[in-house]
Every structure is written in C-alpha cells, then in structure tokens.
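An overview of the molecular structure
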Amino acid sequence: MLDNATQSSVPQDTVIDDPPWDVSTLPKPETDPAKLRNDLDVFGYGIIADALAGPLLSRIQDRLFEQARCEQDFYDQSNPANPIAHAQWVNMLLNKGDVFLELVRHPLAMSLIEYVLGPDYQISCVDSQIQHPGAGIMSLHTDQWWMPPLQEPDRPHMRASAMRRDIGNGLDPTQAQVAVSPPMVANIMWMVTPFTVETGATRVVPGSHLSGCAPDTSVPHKIPSIAAEGPAGTAFVFDGRLWHSAWSNSSDQSRYGITTACCGPQCRPIENYTRGLRPAVMDACPPEILARLGFGVWSSYGHTGDMDLCPPKSGDQVIGPLYRSK
Ligand SMILES: O=C(O)CCC(=O)C(=O)O
C-alpha cells in the first residue's frame, strides 16, 4: 500500500527529466461535461473554456484587483502554503464582494466538483492566489496532504494529527499498482487574468492523482510538470490528490487566480464560515449555499441540538441546563 507520506522507491536525489505523458493527449480547454469528467478521471484535472466571460469576468476582475490593492496597503497577507515574496493571498472572498458567490454557483464547474465528491460536498475556501511579478516557485503538493496514508496491517498507523504539508517525498507520479485513497477534496482554479508560463500559471503533474503518494517538496522541483495555461475566464478543475503548485512569474503582469476548494462533508474546511462569515453576507446567502458553507447538518454532524435546522441554532438560541421545578 502506497500513500502520502509512504517512502518512494525512487532515490531522493533523482531529477525526472522525461515526463511520462504524451502532451498531445493531455486535457484541452473544453465545455463538454462528459469530456471534462473523463479528463478528471484519467489526468486528475479538466480545463473549462470560457467559464467566466463578459460582464461577470469584468466584475470579478474589478472587485478582486481593488480588494487586493487595498489589502496590500492594509496588511499584505501571504498564503501560509505559499510564503514566498511577491505572492499575495486574499482570503475569505465571500466577505469581500457578492460577485464571488457566482463562482460557487457555476453550474458546470460545480457539477464537476459534485462528480468527484458527491452531492453533499462542502465549500472549503474561496480565496485568491496572486503571483505578482518576481514571485517564485511553490513546492509541489496535493490539496489533501492531511490524508493519513493507508496502513499496512503489520505496521503502526500514521496518527491523523501527525500529518504535515511538507512530508511528501514521492518522485514517481505514475499510477500506483495498489489501492490508493479516494479524493476527499476537489478544487477549481479560476484564471482571473491570463495564465501563461511567463505569468506563473499553475503547474500540474498529469495522472499523479492515482500515484498514491504525496510529491517531493523540493524547489526547484525534481519532477516534470506542465503549465495549466488559459486566457482570463478559463477555469481548471482538479482532483485534490493531483500534484500541483504555483510557478514563478517572470513577466511584468500580476497573475490573479481564485481557488474554490471543496471537500467531503466529513472534512474540516479551510475557511471557518460558521465563525467568520459577515452577518450581512450570511443573511443574503441562499440556503443551499449556506448548507455548503458549514451551516448545514450532515448525518447529524454539525448539529447544535436540532438535526434538521439550517443554519443550526447559535449558542444564544440553544437550550442550556434545565432543572425540574422543586
Ligand atoms: O497559485 C497557484 O497557482 C497554486 C496555489 C496552490 O496550489 C495553493 O495555494 O495551494
């Protein structure tokens, strides 16, 4: 059984030069749902052509560019996953413009998330990954790095809370010959501005979602990858097990991407909406989206006393200690 932190059979100082894939067969920008689902199965990702266009794309661009500029003056946050210079992170976007809600209501994109995770998926984050000019290369990783490896029955199990983002050491992205963990995460990278090799388009390792292990985290990478390129408005949907990373921006244009990561209902989302969603945003949020933001109850998980209430009652509404009258 191979998975996540399990030892790779390839010596650590190896640099893989010849990519194990035929570029002509790799996913191309597409709008056919069946083709996109097949690309997800085979390569671990699919590319949606013109996912955002016209006024919607302009509204998203305008709102994000302004927010990012203001936040740079305000506190200039960097993504703990991508703590490199000139890489900016704008998180909790649902609090920063109702236009961003349109991303998690995108029929085709969210149907692909449902295809990977099933109907009760949760929204884990809606945040922006910005590679400004000069931003460097991020470590390859998966978006379910926290998934403990499958246990060999005659060996001790990996403790769930012992998982760390940087313990991957896989060098062989090809399909494992043994059982691997299923996807617990599916993500979408929305290309708000053009994603090119020069601007730092996300790098992906096609087929690595079935490798059963987490990638070596060296920078420079030891593993070949390809750039998920596309004009502004393209979106690429990917399996949480796919090896990927941000790439260096050698251009003079900032690269703006938005990720809408989703996870199984049994997982903890990255962004804590039940605590941090602004009240006005919560009030304006459609109930079906609120349920996906952690305000729903899934098989009694997430309840505050009443199984069917969405949103569940908050602390100031629930029953406290009761005493029988003397
Ligand atoms: O910005 C990118 O291209 C990828 C970002 C990413 O993989 C992450 O934040 O986990």
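Residues numbered from 1 in each chain as written. Predicted model: local features only at pLDDT ≥ 70, side-chain atom pairs only at ≥ 80, totals over all residues. Heavy atoms only, no water.

1. Examining the overall build of the protein chain
Spelled out, the test is: Helix numbers and strand numbers start at the N terminus; a helix is a DSSP run of H or I with at least 4 residues, a strand a run of E with at least 2. Buried means the residue's accessible area, taken with a 1.4 Å probe over protein chains only, is under 20% of the maximum for its type, while exposed means over 50%, and partly exposed covers the values in between. The contact criterion used is simple: two residues touch if any of their non-hydrogen atoms lie within 4.5 Å. Residue-level accessible areas treat just the shown protein chains as cover; the underlying method is Shrake-Rupley with a 1.4 Å probe. Residues scored as charged are limited to Lys and Arg (positive) and Asp and Glu (negative), so that His and the chain ends carry no count. In this description, the location of a charge corresponds to atom NZ of lysine, CZ of arginine, CG of aspartate or CD of glutamate.
Scanning the protein chain from N- to C-terminus turns up six helices and nine strands. Once the C-alpha set of the protein chain is aligned to its principal axes, its extents read approximately 80 × 55 × 40 Å. For the protein chain, the residues scored as buried account for 50% of the 326 residues in total. Sequence-distant contacts, at least 24 apart, represent 82% of the contacts inside the protein chain between residues at least 6 apart. Surface accessibility of the protein chain: about 15,800 Å² in total, with carbon and sulfur atoms responsible for 54%. Between the averaged position of the 23 positive side-chain charges in the protein chain and that of its 36 negative side-chain charges there is a distance of 9 Å.

2. Considering the nonpolar core
In a soluble, globular protein the nonpolar side chains are often hidden away together inside. Stated precisely, the cut-off is as follows: Buried Ala, Val, Leu, Ile, Met, Phe, Trp, Tyr and Cys residues that are joined via side-chain atoms within 4.5 Å together make up what is termed a nonpolar core.
Ranked by size, the top nonpolar core spans 47 residues in total, and within it Ile48, Phe100, Ile113, Trp190, Ile258, Tyr273 and Leu293 carry the most contacts. Elements with a minimum of two residues in this core: α1 (33-43), α2 (54-74), α3 (107-117), β3 (122-131), β4 (185-191), β7 (235-239), β9 (255-263) and α6 (287-295). Sort the elements by how many residues they give to this core and α3 lands first, with seven residues. Each residue touching Phe100, except ones within four places of it in the same chain, is listed here: Ile60, Arg63, Leu64, Leu93, Leu94 and Ile258. Counting residues in hydrophobic clusters, the runner-up holds 22 residues, among them Leu171, Phe195, Ile223 and Ala228.

3. Brief notes about the pairing of β4
Rules: Two strands pair if DSSP finds at least two bridges between them.
Of all seven residues that make up β4, seven are buried, and the element is covered over most of its length. Residue alternation in β4 divides its side chains into two sets, Val185, Asn187, Met189 and Met191 and Ala186, Ile188 and Trp190, and both sets are buried. Relative to β9, β4 is paired through five bridges, and the arrangement is antiparallel. When the sheet's bridge partners are listed, Met191 is paired in β9 with Gly257. Taken together, the five bridges between β4 and β7 define a ladder with antiparallel strand orientation.

Remember that the coordinates give geometry; whether it matters functionally is a separate question.
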